[in-house]
Each structure stands twice: as C-alpha cells, then as structure tokens.
Amino acid sequence: MPEKKRIAVTVSGIVQGVGFRPFVHRCAEKYGLCGWARNTAAGVALELEGEETALGGFLQELTANPPPLAVIEAVQTAPQKTTAGYTDFTIRKSLAGVHDTMISPDVGTCPDCLRELRDPANRRYRYPFLNCTNCGPRFTITKTVPYDRSNTTMAAFPMCPDCAAEYADIQDRRYHAQPDCCPVCGPRLWFCGADGKEQPGDAIAAAVALLRRGGILAVKGLGGFHLACTLDDPETARILRRRKHRDEKPFALMCPSVAAAKTYCQVSPQEAALLESRRRPIVLLQKRTPGLLPQISENGAIGIMLPYTPLHYLLFDPLPQGGGKKQAAEMPLHSEDFGTIAAQGGAVPPEQADAFSFPALVMTSANLSDCPVITDNAEALEKLAGIADGFLLHNRAIEARCDDSLVRIFEGNPYFLRRSRGYAPQPLFLPFDTSGILALGAEQKASFALGKEHTLFYSQHIGDLKNAETLAHYETQIARFERLFGVAPRRLVCDLHPDYLSSEYAQRLAEKESLPLLPVQHHWAHMASCMADNGLDGGCIGLIWDGTGLGTDGTIWGGEALAGDYTHVARAASLRPILLPGGDRAVREIGRIGFSLARDAGISEASPLPDAEKARLDKLLNAGLNCPSSSGMGRLFDGVYALLTGRLIASYEGQGAVLLEAMAEQSGAKTGTAPFPVEFYWDNALPRWDTRVMLRALWTQKCAGVPPETLAMRFLETLVQVGVKQCCFAREASGFGRVVLSGGVFQNMLLLARLPEALKAQGFTVYHPCRVAANDEGIALGQAAIAAHTAL
C-alpha cells in the first residue's frame, strides 16, 4: 500500500462566501483524500491526508479550477510529521483570530437561481431573496469575519429543515451558502403606500400597479434604496426630478435584457458582456439617436444596468395570470419585441404589454440631495415621504450601503467612472508593501484605501464629503474596513488641502492615535494612482487634468503636466490661470467663468451675461476680491461651454464638460477637425498654454456662423495639441517618455480616444487608469503608493 501523508494548507484571498469549502470538499472526494476544512480569519484552513500523488493532484486543481467567484492570493502548505487517521472529509466550525481574509463583492443572480425564480414547480418560485453559493449578497450583509451566517445580517433568519438539508448536502448548489433561505425561513417582502402603511396582498403586484399608474416607487435593494418609475410618460421622470431636486443630472435605467437596452442605446459585444456580467454595473452607452429620452439624460449617453437581484427580475417579469402561472422564462425578450418603443418615446405598445412588465425603468439612488443613499426602512419612510408614492420593503438589514458602479468600455475593457457595488471590497494587488497605510482620498467622489502588505482594500463609493451625513458614512466605513480586514492604521495620508473634511478627519485621527500624517498634493496623487494602477515604477510624466486641487504654491491647479515618480515630482507645464469671480460660486454659475475668460482675452462682448452683471464682476475682478486663480482644465470647459451656448448655470459638478462633449459628438466630425491656434508663454520657468489665443479664434469663428457643435469639436482637438505640447515640455525637462493620464477630464471619451494616439505619434508610451476611476475616486490609490515609498 502506498504510504499516506498529511499536509496542512492555508488558502488566502477571496475564499469565503464563494463556495470554496464545498469545492474543496468535492475535490477531496475526487482524489480520495480525508481530513477537514474550515473558515478562519486568515482565509480557509485545511488538513488533508492521503497518497502523495493524490495530494499533488488536489493542490493543482485547487489553483487551476477554483470556483468562479474565488480569488486566490496565496496557498501555503506544510507537511505534517504524522498522519491523523482521518476516515472522511468534513467541514468544521469556523475559527476567529487574526483577520487576514477577504470579502467577496455582491454578485448578480446566477442563471440557476433565475430558472428557479421562474419555475412554478420550484419551492422558491417568485421568491425575491433566493440565492446560492454562486450569487447573491456578500459585502453588504457581512458584519465581521469569518464569513458565516452568524456574522451576517442573515443571522436573524434561522434556516428551515429544507434549507438546512441543502446547506449540509455536498452535492447541492447551496452547500454552505450562508444567505440560503426560502419563503418559509427567509426575509419577507411587503408593500407600503405613500402613507407608510403596509398593504395586504402581493407586494410585487402592488408595486407594478403603482408604476403602471405613473407612480414613483422606492425599492429596497442590495446596498440601498432606489427610486423607480416608468418611461411611459416623460412627465413622470420630470416629477421625480422635481421631488428629488435633481434638475438635470442624468438618471440610470434598468432594462430586463440586453435586447431591451438596444432599444435605447448602441451596445457593442463588449458592452453586452459587461451588462450581463456577474458584477452588473451601470454601463454608460451611446444613445441610438442623440435626442432620445431627454428627460433621462440631456447628453448623448444613458447609463443602463440589468437586473441583479431576484426582486429586480420580479418587477420586470409578467405577473402570474389567475391560476395559470405563466412563466416569464417562456417569453424571452428579443430586440424585435422593442422595435417601436423608442419611436413612441418609451411607451409600451399595447399588443406587447403581456410579454413583459416594462421595457425599462428609471432606477436612481434614493437619497436626499448630497446625502448618502438610504438603507433603512424607517429612514426611507420618513425621508422619502413626498418623493415616493409607494415603498417596496423587506426585513433583511443592509450592513453596508453600496451604490451602483458606473463603467464605460474603452479599448474593449472596463473604464471606471465609479467603482462600487459588484467590485468593492475586492482589493488591488500591488508590487509594493502598503502595510498599515490608511489613504483618505479627497473631497469629491470620496473613497479611502486600507493597506495590508501588498494588498490594498479599496472602499466603495462614498460620495462628496460636503456634509455631516456623508462624513459619518465615511468614518463608519473606515472603521468597518479596519474590523473586516484586521488592519490597524499605522500611517495616514491625505490631500494637501487642509479644509477638505477628509483632511480634517486625518488630522484628528493623527492627533488622537499619535500617528504620522503625510499630506500629498492632489495632482501628484492622481499621477501616482495611474502609475500604481498600471504597475509602473521609475520616472513618468503625469498629464493631470481636472477641475480643482490645491497646488504647492497655494493656488488652484488642474491643467498640469508633472514629471517625477513616487518620491518626488515637479510641475513641468500648465495653462493660463483663470480668475473665478465669487470663488466656489463660479463653479455653479459658469457664466461668471465665461465672462472672466472673455474679459482676459479682450472679448468681453462674447460673454452672455447682462451688461449690469458684467460691470459688477468687472469691479470685483479689478479689486481682486474673492477671485481665486485656477489653472483647472475643468473650469476652462465650464467657461467655454458658457461662451458657446449662453448657459449661465450648471446644475451639477462637471455639467459643462459633459454637455460640451455631447455637442462635439453632434458635430459629425470623426477625425481631422482643425484645432484652434495653440501658443504657450513662459511664466518664470513654467510654460503655460495661452488660452486667450484660442478664445479669440473661437469667438471670431462663432461670429462668422460656425456651428457651436463644430466649435466644441475644435476645442477638443485643440486640447489634444495642448496635451502633446505639455508632455513635450515635460520630456525636455525630465527626459521621461512614459505618460500617465488621470483626472476627471479624462472621462471625456472623445479626448481619451484622440490624445493617446497623438502622444504615441510623438514617441511617448501612454497609460490610463484601469482598475480605479480617473476622477478623484482614484486619488486614494496614489496617496497609498506615495506613502508606501516615503519614510515616515
């Protein structure tokens, strides 16, 4: 008989809540091994006993064919001196200890669960909380590790005998699925009217009826509430805007299928794959026609997602008719089913009404202005009163609020605008040690990151840190990450701006815990973020274009070319400073920026402001009162948009840039549009782009009757030339040839598609963000990278 051996194995990574122990159990049976496995705070621990060749086959399959949701970071094996005489393989009770594990993101409903949801013979037919090892809630229900039911919000729902039998059956898809439940033992769903009182009957039927009447529905989801309405009457979305005080910022849509999404938008194969992926982000797609659904999005794109929970599917699936229980699975949605919907402004053709509930629903986060998304039933009933006409509620608590992710496809790959549900808290693996680093991000699109060796745990989307509610959410999630991942911060890093709430929090924490604190300049952090995202080390040029960031000279930067690495940086080129009359007020009243630019260029008549307002601002600018100087590229977008269109007010941050891009798309020019003249001048030792030359040319051509759409495209083509020249100045000063692009301006896809090619033509190697967003949400990665290379 071949000699038996025993080994101890520790597997770290995302290996809890993803069916890893059942997978291990099946592998052990396959190779005839005995022993045990259990969750620990470090991951999954195993002891295996059997023949040496069988042990080798097991270890090979462990890493080659793990469950689809697992992410294995490391496998450590240790031979044991003696055998233990195991006679079978068991899964043991989990152990607590030093936290060294990872938590899976929430996962969209898998095909097997969807079939059960739609099968009248299944005991979970139309049950809105069914899940299995391969799908369902994870991050948003987890309180602590190890990932066991008792450590999640599902602890409130003891399993019934049938669910417990599935949970214990190694052959079952729900073997050790912690959120496993059914209508007998799991959470329940109910519907409340506008008065907050629960109504009897089928909650889904009541919700669908409300939506069909043109009502606004509050829906409790995975990471928070949504507000939903139909597209049948454009006025319904406008009512939602008025009630929510969201005047023009785009809404997202949820469609029942990719075919339905194609009614409204162009969908490439890569975009379809992302829509249908288990992560289920909102995917930003180009409209089929530019003016489609203006009540949803005033620009040329719409964010669309597919259902990602059983509850979402039930809102779209046909309601059972009488006793017949017609299955939704029998009525697949094809693009031809929706052929006339777009032409009817989103209305459902009567002859198709029995095939689906809705071709699309508006699905926007349920929150009060600038506050975090609501997660609690009582809070929803209180704060959404007067906004929602009905509430679809359940009693599974949300442990962590988590907004929907927002992603585009660029060059065939995901390009993040917001990294949250479906991705967080999956960590970033880095080539340098980040142990003990807490990177606190910036102010807008806030996020944070917590380092542990070569792993950086990146938070979900937090929001703009501009009020006490969002700050409380931010602080709560930092404490939660420390608890989940067993990290006590030893080093803090924050933005250079001392007045950001994140910086103030960092200062308080540093003083309270006697921790070293490293303030990092905003645009250097952007640059380091893109470097770390792409695994770069050594000298690089950072072309960092955004709206606002405090510079080392005390002024506002945002149109910068930097040169350096993780340890030092120098400003190599910029643009002519823009005076912002009224300070932050000018960010909203973009007509003020337009006037400031026109006045500086000697063409005050180009400003659409009334003469009296021009005179008042002229006095303000002459006196230099509350007129900070900014080299922010985002502010230039705002001012140019105001001059092109006569618009004076932006209803949300970055609106001018978004609409200018949409105008340029409507020009019809794909390539070859002539840019405006580009000239630089020297400000001491710093080359600056002279925007006055461009503005005079723009005004001359506008007066000559050139369409604004063409002028918008010429402005973007001019920025391509400006970016190339800035990088050439930086290369001359530093000798570096690698360029990293970062900052919110690089969410402009027309610019992102053109600038890298122009840089490559000049011999540069170009990189853009891949795993985090180019906007300020990606700042924490750069802060952590700089801190990791700085002795504190």
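Residues numbered from 1 in each chain as written. Predicted model: local features only at pLDDT ≥ 70, side-chain atom pairs only at ≥ 80, totals over all residues. Heavy atoms only, no water.

### Description of the confidence of the model for the protein
A residue-level look at the protein finds 94% of positions with pLDDT of 70 or above and a mean pLDDT of 92. Within the model, the stretch residues 323-354 combines pLDDT values under 50 with 56 contacts to residues more than four positions away or in other chains. (pLDDT = per-residue confidence, 0-100. Contact = heavy atoms within 4.5 Å.)

### A look at empty space enclosed by the protein
Counting across every chain of the model gives four cavities of 30 Å³ or more. Looking at the largest cavity, its volume works out to about 130 Å³. P128, L222, T309, P310 and R396 are, among the 17 residues lining the largest cavity, the residues nearest its centre. Across the lining of the largest cavity, the residue classes break down as nine nonpolar, six polar and two charged. (1 Å grid on protein atoms, 1.4 Å probe; cavity = no way out; pocket = protein on both sides within 12 Å on 5 of 7 lines; lining within 4 Å. Points joined across faces, edges and corners; volume = space filled by probe spheres on them. Nonpolar A, V, L, I, M, F, W, Y, C, P; charged D, E, K, R; others polar.)

### Thoughts on the state of the cysteines
In the structure shown here, the tally under the stated rule is zero disulfides. With no disulfide partner, C181 has as its closest neighbouring cysteine sulfur the one in C185, 6.0 Å distant. Judged by relative accessible area, C181 falls into the buried class, the value being 1%. Of all cysteine sulfurs in the structure, the one in C728 sits closest to C727, which takes part in no disulfide; the separation is 7.2 Å. (Disulfide = S-S within 2.5 Å. Buried < 20%, exposed > 50% of the residue type's maximum accessible area, 1.4 Å probe, protein only.)

### Section: the packing of aromatic side chains
By the definition in use, this model includes 15 aromatic pairs. Centroid distance F481 to F485: 5.3 Å. Interplanar angle 70 degrees. Geometry classified as edge-to-face. Here F481 pairs with F485, and both are found in helix α11 (residues 468-485), just four residues apart, close to one helical turn. For the pair formed by F481 and F485, the shared burial category is buried. (Phe/Tyr/Trp six-rings, centres within 6.5 Å; stacked < 30°, edge-to-face > 60°. Helix = DSSP H or I, 4+ residues; strand = E, 2+ residues; numbered from the N terminus.)

### What to know about the nonpolar core
Within the largest apolar cluster, 100 residues are counted, with the highest numbers of intra-cluster contacts made by F20 and L392. Contacts of L392, omitting those with residues within four sequence positions, involve L189, W190, A203, I204, A207, L217, A218, V219, K220, F225, L311 and L315. One finds W545, M694, V724 and F764 within the second-largest nonpolar core, a separate group that totals 65 residues. (Core = buried A, V, L, I, M, F, W, Y, C linked by side-chain atoms within 4.5 Å.)

### Thoughts on the environment of H768
Along the chain, H768 falls in the loop between β31 (765-767) and α22 (779-788). H768 gets classed as buried once you look at its relative accessible area, which sits at 18%. Residues H768 and V487 lie 281 residues apart in sequence; the distance between their C-alpha atoms is 30 Å. The residues touching H768, leaving out its near neighbours within four places in the chain, are F410, E411, Y415, C530, N534 and L741.

### Observations concerning the sheet that holds strand β17 (residues 428-429)
Taking strand neighbours across the sheet as the criterion, the six strands line up as β17-β20-β19-β18-β21-β22 in an open arrangement whose pairing is mixed. Every interior strand has two partners, whereas the edge strands, β17 and β22 (517-520), have only one. Examined bridge by bridge, β17 and strand β20 (residues 455-458) share two bridges and lie antiparallel to one another. The partner of L428 across the bridge, within β20, is L456. Along the sheet, α22 contacts β17, β18 (437-439), β19 (449-452), β20, β21 (491-495) and β22; its crossing angle with β21, the most-contacted strand, is approximately 130 degrees. (Pairing = 2+ DSSP bridges. Axes fitted to C-alpha atoms, helices over the stretch in contact; angles between N-to-C directions.)

### Topic: the sheet that holds strand β5 (residues 89-91)
On the basis of which strands lie adjacent, the open sheet formed by five strands has the order β4-β1-β3-β2-β5 and mixed pairing. The sheet is open, and its two edges are formed by β4 (71-79) and β5, each paired on a single side. Here the strands of the sheet are splayed against their neighbours by 15 degrees on average, with no regard to which way each runs. Here helix α1 (residues 20-30) sits on the sheet and contacts β1 (4-14), β2 (34-40), β3 (43-51), β4 and β5; the angle it forms with β5, its principal contact strand, is near 175 degrees. Most of the contacts of helix α2 (residues 52-64) go to β3, to which it runs at about 150 degrees, and overall it touches β1, β3 and β4.

### Description of α1
Burial of α1 is extensive: eight of the eleven residues sit out of reach of the surface. Residues F20, R21, P22, F23, V24, H25, C27 and A28 constitute the buried set of α1. Buried residues belonging to α1 abut β1, β2, β3, α2, β4 and β5. G32 sits one or two residues past α1 and shows a positive phi near 70 degrees.

### Re helix α13 (residues 522-533)
Along its twelve residues, α13 runs 17 Å from first to last C-alpha, staying within 8% of the 16 Å computed at 1.5 Å per residue. In terms of burial, α13 is a largely internal element, twelve of the twelve residues being buried. Regarding α13, the residues found buried are H522, H523, W524, A525, H526, M527, A528, S529, C530, M531, A532 and D533. Of the residues trailing α13, G535 is marked for its positive phi of about 70 degrees. (Expected span 1.5 Å × (residues − 1).)

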